[in-house]
Structures are given as C-alpha cells and as structure tokens.
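Structure at a glance
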Amino acid sequence: MLAERGYGAASVEDICAAAGFTRGAFYSNFSSKDELVLALFEATTDRLLAQIEALLPALGDEPQSLLDAVLGLLDTEPDQRRWHLISAEFMLHALRNPAAATAWAEQRTTFRRRLTELVESIVAAGNLEMTVDPALFVRLVIALHEGARAQSLLEPADLPAGTLEHTFLPTVLDAVTRPAPRT
C-alpha cells in the first residue's frame, strides 16, 4: 500500500485494509505510519545482517567471495522496486519532519554500526586491514547500492540490478584494504 499509493497518500485505514487488520490492531502495535515504516526497515536490515552473518563461516576469510555472495543476496531481493519506493518516500518525509529524521537516523546508525562490525571482522579474518575508516567504507557501499538500485529500476535494460556494485565494489575493496602486518 505504501509503495503503490505513496507514503503521504496512504492512510492508516488504507494500510489496515490492505493488510486485513483493523485500525485498532494497527494502533495496538504502532503509534503512527512512521513507526510502522521504521519497524519494516528494522526487520529488513536485521534479516540482511543475519543472512550476511550466515555466510561468514564458509566465506569469512575470503572477502572477495563474501562480497560476491552479499551482492548476490541484494540482487535477488524480490521487492526491490517496492522497497525503493518506500525508502525514497520515507527519506523525503524524514527530510521534512525532524522527528522522523531523528528516528530514521538512529536506526540507520545502528544498521551501519552493525554492518561496520561485520566488515571489520571479515577484513580481520582475511588477514587484511582497512586503509580508510571502515564506517566511511560502509557509508560508501550503502550510497553506491542505493544509487545503483534507483538507476537500475529506472533503466533496467541498460543497467541490470547489481551491475555497478559487481563492477566497482571489488576494485574499491582492493583499494581500501592491504595485508595486515605480521606480528
């Protein structure tokens, strides 16, 4: 409902009707549409982090192979268009609404921190070290993925999903890592 009608146009009643819930059921779980969308974001990022963590035992010491596997997860996400519409509209809403901006920034900060911790453990397992701040590297990866997803959705024939990430992230990873010094 949020993706089809737009964040601002979709009412709580519309959301409830599409989900088969009553207004009372909605408000017993969420205080607002913002809270619902933030819960969706949290569930989605938690699922992605769990999928990455599940890859670590087999690929944790092979950063390039792990990167390919993570990109594969992102490439096969079934609702990329819907998710991008919700994300883009909520970002615009958050840019106009300080309370939504604060809540979303806090949530994104938590996601980036957890993803940075994963990157640091992957780099260490590969006997590498970062030549840049790992948190900035994670911000770059997110920015590349979000921008690439928008381009792929607008021009799928010219830029299939994952093309920019698969082409450039391995080079970026090589550029920002080096062998860890032996102790």
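Everything discussed here concerns the structure shown above.
Now for a quick tour of the structure. (Residues numbered from 1 in each chain as written. Predicted model: local features only at pLDDT ≥ 70, side-chain atom pairs only at ≥ 80, totals over all residues. Heavy atoms only, no water.)

**Considerations on empty space enclosed by the protein**
Tallied over the full model, the rule gives one cavity of 30 Å³ or more. Counted as a void, the largest cavity has a volume near 50 Å³. Leu74, Asp75, Gln80, His145, Ala148, Arg149, Ser152, Ala161, Gly162 and Glu165 together form the lining of the largest cavity. Every element with two or more residues in the lining of the largest cavity is listed here: helix H5 (63-75) and helix H8 (134-154). Examining the composition of the lining of the largest cavity, we find that four residues originate from one element, H8, more than from any other. Of the residues that constitute the lining of the largest cavity, the class distribution is three nonpolar, four polar and three charged. (1 Å grid on protein atoms, 1.4 Å probe; cavity = no way out; pocket = protein on both sides within 12 Å on 5 of 7 lines; lining within 4 Å. Points joined across faces, edges and corners; volume = space filled by probe spheres on them. Helix = DSSP H or I, 4+ residues; strand = E, 2+ residues; numbered from the N terminus. Nonpolar A, V, L, I, M, F, W, Y, C, P; charged D, E, K, R; others polar.)

**Focus on H5**
Its 13 residues give H5 an end-to-end C-alpha distance of 18 Å, which sits within 8% of 18 Å, the value for a rise of 1.5 Å per residue. If you check which residues of H5 are buried, you get Pro63, Leu66, Leu67, Val70, Leu71 and Leu74. Buried residues of H5, viewed axially, fall in a sector of 135 degrees; they line one side. Next to the buried residues of H5 lie helix H4 (33-59), helix H6 (80-96), helix H7 (98-125), strand S1 (128-130), H8 and helix H9 (163-175). (Expected span 1.5 Å × (residues − 1). Buried < 20%, exposed > 50% of the residue type's maximum accessible area, 1.4 Å probe, protein only. Arc of directions from axis to C-beta. Contact = heavy atoms within 4.5 Å.)

**Considering the nonpolar core**
Core analysis: the largest hydrophobic core is formed by 22 residues, its most contacted members being Ile52, Phe111, Leu115, Val119, Met130 and Phe137. Of all the secondary-structure elements, those providing two or more residues to this core are H4, H5, H7, H8 and H9. Element by element, the count of residues in this core is highest for H7, at six residues. With near-sequence residues (within four places) excluded, phenylalanine 137 lies in contact with Val119, Met130, Val132, Val172, Leu173 and Val176. Counting residues in each nonpolar core, the second largest holds 18 residues, with Tyr7, Ile15, Leu38 and Phe41 among its members. (Core = buried A, V, L, I, M, F, W, Y, C linked by side-chain atoms within 4.5 Å.)

**Quick notes on the pattern of salt bridges**
In total, this model carries seven salt bridges according to the counting rule given. A salt bridge links arginine 82 to glutamate 4, with the shortest nitrogen-to-oxygen separation between them at 3.3 Å. On the criterion of sequence distance, the pair formed by arginine 82 in helix H6 and glutamate 4 in helix H1 (residues 2-5) is long-range, its members being 78 residues apart. Look at arginine 82 and you get partly exposed, because its relative accessible area is 40%. A salt bridge links arginine 178 to glutamate 129; its shortest N-O distance comes to 2.5 Å. Of this pair, arginine 178 sits in strand S2 (residues 177-179) while glutamate 129 sits in strand S1; the two residues are 49 residues apart in sequence, bridging distant segments of the chain. Residue classification places arginine 178 among the partly exposed residues on the basis of a relative accessible area of 43%. Residue classification places glutamate 129 among the partly exposed positions, given a relative accessible area of 24%. (Salt bridge = Lys/Arg side-chain N within 4 Å of Asp/Glu carboxyl O.)

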